[in-house]
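An overview of the molecular structure
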Amino acid sequence: MEYFAEKGKFMAKKRITQRFAWLAPLRKRQRVFCFYVGMRWDGVQYSRILQGEALPYRVFRSKCPMYNTDTGFPMVYQENKVHNLKLAAAKLDGLLIRPGETFSFWKAVRFADRTTPYKDGLAVVNGKLTTVRGGGLCQVTNLLFWMFLHTPLTVIERHGHVAKDFPEPSSDALTGVDAAVVEGWKDLKVKNETDAVYQIRLSFDERHIIGEMDTDQKPEFVWQVKNGTVLYCREQDTVWEEAQVLQRKLSCRTGEVGAYRMLYQNRCRIGYALPEGMPVVEREEKTENETGLRNKAAQKWSK
């Protein structure tokens, strides 16, 4: 969004699609077309082979609840989300990521709704929580990203959500581990720079989506991921969540730490009331202790 000055004040200049709403669908189609044309000619070898038989070695397994009763929207949109998740999962379950290949979420699920259309689900559009066709697909990319962090696959594109507008149901995933996707704009991509083949497995029970990463070679290392410090900070009446995400590699044989790093620090706006008693740091009162807490948590886990 551009800004311009008027009588000594800075005012937001709206995008052309905000001023002329009828142009938005045309702009989206143009962007999506260019998005896929770009991938067709970028010289990257994308994952495309689905294999029904699971690879022999499990690397990581996780599951998360599909239904959230705290959104403030009718539950029909949760049912619609589950419908959308299952359409996308049908294009992902069994997908092989072979050496040298790159996984792209949108490349893999591009035609997931060709036979059975997506339904309206929840999504954030222009900073506002609303309902859109295909809404809710970020739940499967959140799960995929969480699984990828437990493998040696290289994450080459990931976008965090800019806001959380309702509490998330509990799962084994960490605070700040998510991956927002918007067709034509934001993708989730990882590259296999190893000599092993990796495979995505997705399934469902009544309440959960279940993800598994398998490989064709017995792993020599295990990747562990955890939070460092997680802080809630208030800046000009807006509360932000800031979370460190740490990763370390351990030898399967000896348990020794082979590598350690802080992957990133996630930051997003909180759009709901935090639980009573949750500490919130006032940025105007920030002290050097805040930086010290972050460094201490990171250093402790590296050993």
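Here's what I pulled together on the structure shown here. As the structure is a computational prediction, the values presented were derived from the model and not from experiment.

**Things to note about the overall build of the protein chain**
- Each helix and strand in the protein chain was counted, giving 6 helices and 16 strands.
- Nonlocal contacts in the protein chain, meaning residues at least 24 apart in sequence, comprise 71% of its contacts between residues at least 6 apart.

**Some remarks on the sheet that holds strand β3 (residues 57–65)**
- What the 4 strands build is an open sheet, ordered β3-β12-β11-β4; its pairing is antiparallel. Because the sheet does not close on itself, it has two edges, and the strands there are β3 and β4 (96–97).
- Pairing of β4 with strand β11 (residues 198–204), which is carried by 2 bridges, proceeds in the antiparallel orientation. Each residue of the ladder has a partner; that of I97, found in β11, is Y198.

**Comments concerning the sheet that holds strand β9 (residues 163–164)**
- Strand order across the open sheet formed by 5 strands is β9-β15-β14-β13-β16, with mixed pairing between neighbours. Edge positions in the sheet fall to β9 and β16 (281–282), since each of these pairs with one other strand and no more.
- Taken together, the 2 bridges between strand β13 (residues 221–235) and β16 define a ladder with parallel strand orientation. Counted as the bridge partner of C233 is V281 from β16.

**Focus on a nonpolar patch on the surface**
- A surface patch of nonpolar side chains, about 390 Å² in accessible area, is lined by F33, V37 and W41.
- Locating W41 in the fold gives a position in the loop between α2 (24–40) and β3.

**Overview of the pairing of strand β7 (residues 128–133)**
- Bridge count for strand β6 (residues 120–125) against β7 is 6 bridges, and the pairing is antiparallel. Within the sheet, the bridge partner assigned to A123 lies in β7 and is T130.
- Taking the residues between adjacent antiparallel strands as the criterion, β6 and β7 are bridged by 2 residues, where N126 takes a positive phi near 55°.

**Concerning the packing of aromatic side chains**
- For the coordinates displayed, the defined rule picks out 7 aromatic pairs.
- Note on F35 and Y36: the rings are 5.1 Å apart at their centroids and 80° apart in plane angle, and the pair reads as edge-to-face.
- With a relative accessible area of 16%, F35 lands in the buried category.
- For Y36, a relative accessible area of 5% gives the class buried.
- Positioned above the aromatic ring of Y264, the side-chain terminus of R158 is 4.5 Å from the ring centre.

What counts as what
- Residues numbered from 1 in each chain as written.
- Predicted model: local features only at pLDDT ≥ 70, side-chain atom pairs only at ≥ 80, totals over all residues.
- Heavy atoms only, no water.
- Helix = DSSP H or I, 4+ residues; strand = E, 2+ residues; numbered from the N terminus.
- Contact = heavy atoms within 4.5 Å.
- Pairing = 2+ DSSP bridges.
- Patch = residues over 30% accessible without salt bridge, like charges linked within 9 Å, V, L, I, M, F, W, Y side chains within 5 Å.
- Areas by Shrake-Rupley, 256 points an atom, 1.4 Å probe, with all protein chains shown as cover.
- Salt bridge = Lys/Arg side-chain N within 4 Å of Asp/Glu carboxyl O.
- Phe/Tyr/Trp six-rings, centres within 6.5 Å; stacked < 30°, edge-to-face > 60°.
- Buried < 20%, exposed > 50% of the residue type's maximum accessible area, 1.4 Å probe, protein only.
- Lys NZ or Arg CZ within 6 Å of the ring centre and 35° of its normal.

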